Every structure is written in C-alpha cells, then in structure tokens.
Amino acid sequence: SSDALDPPSPATPCYLMAPVSGAPPLYYLVTKYGGVTVITRIYVPNPPSQTGILLSIMASNDIAYSPLIYVGSNNYLYLGDTPPLIQVSGAISPGWNTIVFEEYSSNGEYYVTGWLNGASLGTASITNTPRLFREGYQDWLLSGNWAGWPNSFNFNYVGFSGGVQYFAVYGGALPSSEVNA
C-alpha cells in the first residue's frame, strides 16, 4: 500500500513558479481555460499543526496575497482565495493525503471546490473576481504569506514542513470522473 511509504524529508520552501508565455502559470491557465485543478499527494507530519502553505499567490508589492492551499494550526486543510474570503476546508490526518483543489469561473461566478482523500470538502462561490483571476500576482509553491487568514500561525510567512510526493496543475476544472480516478 502506498500509505506505508516512509515519510519524506521536509519540502524545500520558496519555489517561485516560472512564467508561461510571460505570465505566472496559474494566471495563464485561468485566463486560457477558465480555471485550474491542482492535484497533490502530501505527507502531513505528526502533529499536523505545524505544516503550513502548499500553494499561494502574492503581489510583487507584498500587500495582497492568497494562500490557496494550506494546512492550518488546527489540523485542517484549507482551499481558497480572496477577496472576499472564499474557502472550503476539512480535518486532515497525519500521514499521506491526496488533495484536489479547483478554482474556476462560470456564468459570472467564481468557485472553489476540493476533495481530501476522495471525500468532497464542498464548493463555495462568489461573484467578486478573486486574486487568482487577476493580473499582477506571482505563484509560490511551498511558501507564502497568510497573515490574518483563519488558523494561521503567529508569523506571516511560512513554508510547507511536510513532504510532497507529487504536484500537478491542470488548466480548467476536471470532470468528477477524472478527479475521482
């Protein structure tokens, strides 16, 4: 069973994702396909309350930011964006976990939906344009700023202290048959 794998070394924080056609990868994908799907398999250490940010976006002036995927100080996985806060969440356990995060637009609304180990975390929607769909943000893998976000730690910047087995980003929202495969 893949759950019997040894825990990996902690992930190295602060990967600034390289541009695609001159644009940050996530912004490029949401403008081309109307959204993104991120599928990742992570190792959450025990206790999971010290885990941190997996994926975030931040303006170059550091004033505006959104931790898109993070494990909070309360042992919950959070998937979301701003403004205003649009988020789904669920309890996460130590060990290997598979996460699916989707953010997409349809008919003037923006949606965040997610799954944790095959179980739906729900869907949230807003009509305001979230940061992922705006120009001027850089994509950060395994790092970011989360000051003021629910269940963040006592410091603003944090990397991911667990392990990552794989991390894939797709343009658009995947059909549920592909997400559940």
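Conventions adopted
- Residues numbered from 1 in each chain as written.
- Predicted model: local features only at pLDDT ≥ 70, side-chain atom pairs only at ≥ 80, totals over all residues.
- Heavy atoms only, no water.
- Helix = DSSP H or I, 4+ residues; strand = E, 2+ residues; numbered from the N terminus.
- Buried < 20%, exposed > 50% of the residue type's maximum accessible area, 1.4 Å probe, protein only.
- Areas by Shrake-Rupley, 256 points an atom, 1.4 Å probe, with all protein chains shown as cover.
- Phe/Tyr/Trp six-rings, centres within 6.5 Å; stacked < 30°, edge-to-face > 60°.
- Core = buried A, V, L, I, M, F, W, Y, C linked by side-chain atoms within 4.5 Å.
- Contact = heavy atoms within 4.5 Å.
- Pairing = 2+ DSSP bridges.
- Axes fitted to C-alpha atoms, helices over the stretch in contact; angles between N-to-C directions.
- pLDDT = per-residue confidence, 0-100.

## A few points about the overall build of the protein
Within the protein one finds two helices and eleven strands. Traced from its N-terminal end to its C-terminal end, the protein shows the element sequence β-α-β-β-β-β-β-β-β-β-β-β-α. Counting every position in the protein, which comprises 181 residues, the buried fraction comes to 49%. Element-wise, carbon and sulfur atoms account for 49% of the exposed surface of the protein, whose accessible area totals about 8,100 Å².

## Some details on unusual backbone geometry
Trans is the prevailing form of peptide bonds, just as negative phi is the prevailing case for residues other than glycine. Cis geometry marks the peptide bond from Thr82 to Pro83, where omega comes out at -25 degrees. Inspection of the secondary structure assignment puts Pro83 in the loop between strand E5 (76-81) and strand E6 (86-91). Along the chain, Pro83 connects to Pro84 via a cis peptide bond; the corresponding omega equals -15 degrees. Phi is positive for Asn75, which is not a glycine, with a value near 65 degrees. For Asn75, the position within the fold is in the loop between strand E4 (65-71) and E5. Accessibility expressed as a relative area gives 28% for Asn75, which makes it partly exposed.

## Some remarks on the packing of aromatic side chains
The tally for this structure, following the rule as stated, stands at five aromatic pairs. Ring geometry for Tyr104 and Tyr111: centres 5.1 Å apart, planes at 20 degrees, overall stacked.

## Things to note about the nonpolar core
With 36 residues, the main nonpolar core has Ile42, Leu68, Ile69, Leu77, Leu79 and Leu132 as its most contacted residues. Once residues within four sequence positions are removed from consideration, Ile42 is found in contact with Leu54, Val71, Ile92, Gly95, Trp96, Asn97, Ile99, Phe160, Gly163 and Val164. Counting residues in each nonpolar core, the second largest holds nine residues, with Met58, Tyr65, Tyr70 and Trp146 among its members.

## What to know about the side chain of Arg41
Structurally, Arg41 can be placed in strand E2 (residues 35-44). Under the relative-accessibility criterion, Arg41 is labelled buried at 9%.

## Quick notes on the sheet that holds strand E11 (residues 163-171)
Adjacent strands of a sheet form backbone hydrogen bonds with each other and so pair up, either parallel or antiparallel. Spatial strand order, E9-E8-E7-E2-E11: five strands in an open sheet with antiparallel pairing. Strand pairing shows two members of the sheet lacking a second neighbour, strand E9 (119-126) and E11, which therefore form its edges. Each neighbouring strand pair of the sheet contributes to a mean axis angle of 10 degrees, computed without reference to strand direction. The pairing of strand E8 (residues 109-116) with E9 spans seven bridges and is antiparallel. Bridging across to E9, Gly114 finds its partner in Gly122.

## A look at the environment of Gly90
With respect to the helices, strands and loops of the structure, Gly90 is situated in strand E6. When the C-alpha positions of Gly90 and Trp115 are compared, they lie 8.9 Å apart, and in sequence the two are 25 residues distant. Look past the residues within four positions of Gly90 in its chain and what remains in contact with it is Tyr76, Leu77, Leu116 and Leu121.

## Some details on the confidence of the model for the protein
Confidence in the prediction for the protein averages 83 pLDDT; 85% of positions are at 70 or higher. Contacts from residues 1-5, a stretch scored under 50 in pLDDT, to residues over four places away or in other chains number six contacts. Below a pLDDT of 50 lies the segment residues 8-13, which in the model reaches 17 contacts outside its immediate sequence neighbourhood of four places, other chains included.

## Focus: helix H1 (residues 25-33)
Taken together, the buried positions of H1 are occupied by Pro25, Leu26, Tyr27, Leu29 and Val30. Following H1 by one or two positions, Gly34 has its phi on the positive side, about 85 degrees.

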